[in-house]
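A structural walkthrough
The residues making up each chain are set out below.
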Amino acid sequence: EDQVTQSPEALRLQEGESSSLNCSYTVSGLRGLFWYRQDPGKGPEFLFTLYSAGEEKEKERLKATLTKKESFLHITAPKPEDSATYLCAVQDAAGRRALTFGSGTRLQVQP
Amino acid sequence: GAGVSQSPRYKVAKRGQDVALRCDPISGHVSLFWYQQALGQGPEFLTYFQNEAQLDKSGLPSDRFFAERPEGSVSTLKIQRTQQEDSAVYLCASGDGGGNQPQHFGDGTRLSIL
């Protein structure tokens, strides 16, 4: 059974204070690892897909990296508008299209 | 519209009533997914359609839950004889059919069972 664990559960940063969110996963074979951002009352918004260990992707202040056991979402010099819940999900290579999500990291960036 | 549209945004029902939740996927997307999200948790998979075919319904929690997509576009999730534990946000997502392509989510329907 696929499992995804995200840490920390909550993170409070000052504006400009860089940090990283962790996503540890267990899957029989990884088809893809997905990062989403979710604002209160909204659906998850797609950020990145990573397919293989060593891959990195960047978008503005966010950079996602992938190893065989975990993924990190690095946030560089965050701004208050980066405050949201960040969700990690995996899709296994067994043919199922379903995503298995972690519980998310609630990020608050204070001005 | 450009994104996934869900209606209603909020639904309140009494225990025992039947409810129907609608999803309009992104135009041209062949894959459609339903997820259930409890407060403070990540979404949990319910069911998956490829066009009109329901290929995976392994996440449906009971036979009270039923989903359909008769013409391969709009989908409806129906919950019969609702119970309090059905209270959650129900999210719909669509994708362009590629095996590992991202799923794009709507803003969900918040269902409250009294």
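Rules used throughout
- Residues numbered from 1 in each chain as written.
- Chains lettered and ligands numbered in written order.
- Predicted model: local features only at pLDDT ≥ 70, side-chain atom pairs only at ≥ 80, totals over all residues.
- Heavy atoms only, no water.
- Pairing = 2+ DSSP bridges.
- Helix = DSSP H or I, 4+ residues; strand = E, 2+ residues; numbered from the N terminus.
- Axes fitted to C-alpha atoms, helices over the stretch in contact; angles between N-to-C directions.
- Buried < 20%, exposed > 50% of the residue type's maximum accessible area, 1.4 Å probe, protein only.
- Polar contact = N/O pair within 3.5 Å; in protein donor to acceptor, adjacent residues only side chain to side chain.
- Contact = heavy atoms within 4.5 Å.
- Buried area = accessible area lost by both parts, 1.4 Å probe.
- Salt bridge = Lys/Arg side-chain N within 4 Å of Asp/Glu carboxyl O.
- Nonpolar A, V, L, I, M, F, W, Y, C, P; charged D, E, K, R; others polar.
- Disulfide = S-S within 2.5 Å.

**As for the sheet that holds strand β1 (residues 5–7) of chain B**
Residues and elements named next belong to chain B. Read across the open sheet, the four strands follow the order β1-β3-β8-β7; overall the sheet is antiparallel. A single partner strand is all that each edge strand has here, and the edge strands are β1 and β7 (65–68). Averaged over all pairs of adjacent strands, the angle between their axes in this sheet comes to 15°, without regard to strand direction. As defined by bridge partners, β1 adjoins strand β3 (residues 19–24) across three bridges and the pair is classed as antiparallel. Considered in β3, the bridge of Ser7 is made with Arg22.

**Some points on the side chain of Asp82(A)**
Residue and element names in this part refer to chain A. Structurally, Asp82 can be placed in the loop between β8 (70–75) and β9 (84–92). For Asp82, a relative accessible area of 6% translates into the label buried. At 2.8 Å, the side chain of Asp82 and the side chain of Arg61 are in polar contact. The residues touching Asp82, leaving out its near neighbours within four places in the chain, are Arg37, Arg61, Leu107 and Val109.

**What to know about the interface of chain B and chain A**
Opposite the 26 residues of chain B that make contact, chain A presents 20 residues. Buried area between chain B and chain A, summed over both chains or domains, comes out near 1,700 Å², and the portion from carbon and sulfur atoms is 48%. A per-residue breakdown of the area chain B buries against chain A is headed by Gly99(B), Asn100(B) and Phe105(B), which together make up 26% of the total. The interface formed by chain B and chain A includes two salt bridges. Between Asp107(B) and Lys42(A) there is a salt bridge whose closest N-O contact spans 3.9 Å. Taken together, the connections running from chain B to chain A amount to ten residue pairs in polar contact (both at pLDDT 80 or more). Where the side of chain B that touches chain A is concerned, the elements lending two or more residues are β4 (31–37), β5 (44–50) and β10 (104–105) of chain B. The element that contributes the greatest number of residues to the side of chain B that touches chain A is β4(B), accounting for four residues. Here the residues of the side of chain B that touches chain A sort into eight nonpolar, 15 polar and three charged.

**Some points on the state of the cysteines**
One pass over the structure, following the stated rule, counts two disulfides over all chains. Covalently, Cys23(A) is tied to Cys88(A) through a disulfide, its sulfur atoms 1.9 Å apart. Disulfide Cys23(A)-Cys88(A): the torsion about the S-S bond is -60°, which places it as left-handed. Here Cys23(A) is found in strand β3 (residues 19–26), whereas its partner Cys88(A) is found in strand β9, with 65 residues between them in sequence. Residue Cys23(A) shares its accessibility class with Cys88(A), and that shared class is buried. For Cys23(B), the disulfide goes to Cys92(B), at an S-S distance of 1.9 Å. Its S-S torsion of approximately -65° makes the covalent link between Cys23(B) and Cys92(B) left-handed. Residue Cys23(B) is located in strand β3, and its partner Cys92(B) is located in strand β9 (residues 88–95); the two are separated by 69 residues in the primary sequence. Per residue, the accessibility class of Cys23(B) equals that of Cys92(B), and both read buried.

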